[in-house]
Amino acid sequence: MTSPRDGAPSGVPSGLATERGNAAPSSEVSSMFDGISGVYDPMNLLISAFQEPRWRRRAVALTRLRPGGRAIDIATGTGKVAADLHRRVQPGGEVLGVDISPGMIGVAERRFNGRPGLTFVVGDALALPAPDAAFDAASIAFGMRNLPDYGQGFAEMRRVVRPGGRVVCLEIARPRSRLARILRAWFDGIVPVIGRLAGQGSAYDYLVRSVRNYPAPEAIAGIMRNAGLVGVTWTGMSGGIVTLHVGTVPPAR
Ligand SMILES: C[S@@+](CC[C@H](N)C(=O)[O-])C[C@H]1O[C@@H](n2cnc3c(N)ncnc32)[C@H](O)[C@@H]1O
């Protein structure tokens, strides 16, 4: 566990990730993302050394969505995964992007305004604003580690996806290989520096803290199974610095 504020300045989420979930309250996480919503996308590209679009495309492919399908993208941020999903389900498909930060949702709405069937809404991943079995797939990219309860996050994804549909989670991983450890050291060192240059130092310190204790891939797979998902698999990308988990909602009996 962490100390009450973990040395974080006021207005910046204090918590580290734990085996159960992020120790930072969602209200703090939401305000922090509101604050960085304007710089989030270019920062993301830099921090990921321009790998992030490739990771996102792979996550979208793993949903196995087809034209006419329906998907939900959770912790959608500025909406890029949601927009990629939307492209995949055309013609005729629909995508809902959900995020707890009104600032991030505002950026997504402005950017993707006027695409029929692509909708963004402010909402909590732990209590999704959607009925049961409403979607063919659910995705979450770099959002799971921000949630205070990973099990509840996956249970909600399972709830809103129909039997046989897929749940996909893309997240920064605990490094295993030598290459991943080197990349992670680069990430830990460079992210706060880039954050400071963008005038958002403390927020990007949080980013580094938030990935530090995120569970290992096997543990995340176990949490997904406990949430009722089956056929859970995972794969590393870019030397294992990110992991993509996929599970399926069991077919109806
Ligand atoms: C690192 S960003 C990822 C954004 C986007 N998915 C991407 O790939 O760029 C994490 C997002 O999770 C959102 N978030 C954090 N806690 C949340 C919660 N409880 N419910 C919904 N969204 C949440 C934040 O507001 C933020 O937009």
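Preceding this section is the structure that the text describes.
Residues numbered from 1 in each chain as written. Predicted model: local features only at pLDDT ≥ 70, side-chain atom pairs only at ≥ 80, totals over all residues. Heavy atoms only, no water.

Colleague: Outline the overall build of the protein, supporting the account with residue identities and numerical values.
Modeller: Helices and strands together make up the secondary structure of the protein, namely nine helices and seven strands. For a compact globule of 253 residues, the expected C-alpha radius of gyration is about 18 Å, and the protein comes in at 17 Å, within 12% of that figure. In terms of its C-alpha atoms, the protein occupies a principal-axis envelope of roughly 50 × 40 × 30 Å. Looking at the protein as a whole, 54% of its 253 residues qualify as buried. In the protein, the proportion of contacts linking residues at least 24 apart, taken out of those at least 6 apart, comes to 69%. Here the protein has roughly 10,700 Å² of accessible surface; of this, 56% comes from carbon and sulfur atoms. Charge centroids of the protein, computed over 30 positive and 20 negative side chains, lie 8 Å from each other. (Helix = DSSP H or I, 4+ residues; strand = E, 2+ residues; numbered from the N terminus. Rg over C-alpha atoms; globule rule 2.2 N^0.38 Å. Buried < 20%, exposed > 50% of the residue type's maximum accessible area, 1.4 Å probe, protein only. Contact = heavy atoms within 4.5 Å. Areas by Shrake-Rupley, 256 points an atom, 1.4 Å probe, with all protein chains shown as cover. Lys, Arg positive; Asp, Glu negative; His and termini not counted. Charge placed at Lys NZ, Arg CZ, Asp CG, Glu CD.)

Colleague: An account of the packing of helix 2 (residues 40-47) against helix 7 (residues 178-197) is requested, with residue identities and associated values reported.
Modeller: One way to put it is that helix 2 packs onto helix 7 with a least axis distance of 10 Å and a crossing angle of 150°. The orientation of helix 2 relative to helix 7 falls into the category roughly antiparallel. Our pair here, helix 2 against helix 7, has a crossing hand that is right-handed. On helix 7, the residues that touch Met 43, Leu 46 and Ile 47 of helix 2 are Trp 186, Phe 187, Val 191, Ile 194 and Gly 195. (Axes fitted to C-alpha atoms, helices over the stretch in contact; angles between N-to-C directions. Parallel < 35°, antiparallel > 145°, perpendicular 65-115°, else oblique. Left-handed = near helix turned anticlockwise from the far one by under 90°.)

Colleague: An account of the pattern of salt bridges is needed here, citing residue identities and associated values.
Modeller: Following the criterion strictly, the structure yields twelve salt bridges and no others. Residue Glu 94 is joined to Arg 70 by a salt bridge in which the shortest nitrogen-to-oxygen separation is 2.7 Å. Residue Glu 94 is located in strand 2 (residues 94-99), and its partner Arg 70 is located in strand 1 (residues 70-74); the two are separated by 24 residues in the primary sequence. Given a relative accessible area of 40%, Glu 94 falls into the partly exposed group. Arg 70 sits in the partly exposed class, given a relative accessible area of 32%. Here Asp 84 and Arg 87 are joined by a salt bridge, their closest N and O atoms 2.8 Å apart. Placement of both Asp 84 and Arg 87 in helix 4 (residues 80-88) is noted, with a separation of three residues, approximately one turn of the helix. A relative accessible area of 52% places Arg 87 in the exposed class. Taken together, the shared-partner salt bridges in this structure form one network comprising Asp 41, Glu 52, Arg 56, Lys 80, Asp 84, Arg 87 and Arg 111. (Salt bridge = Lys/Arg side-chain N within 4 Å of Asp/Glu carboxyl O.)

Colleague: So what about the site of the ligand? Which residues, and what values?
Modeller: Residues in close proximity to the ligand total 19 residues, the closest being Tyr 40, Ala 75, Asp 99, Ala 125 and Ala 141. Measuring from a nitrogen atom of the ligand, one finds a side-chain N or O atom of Asp 124 at 3.0 Å. For the shell around the ligand, the elements supplying multiple residues, two or more each, are helix 1 (26-36) and helix 2. (Near = heavy atom within 4 Å. Polar contact = N/O pair within 3.5 Å; in protein donor to acceptor, adjacent residues only side chain to side chain.)

Colleague: Summarise the environment of Gly 228; cite the residues concerned and give the values.
Modeller: Structurally, Gly 228 is set in the loop between helix 9 (217-226) and strand 6 (230-237). In this structure the C-alpha to C-alpha distance between Gly 228 and Asp 132, which are 96 residues apart in sequence, comes to 14 Å.

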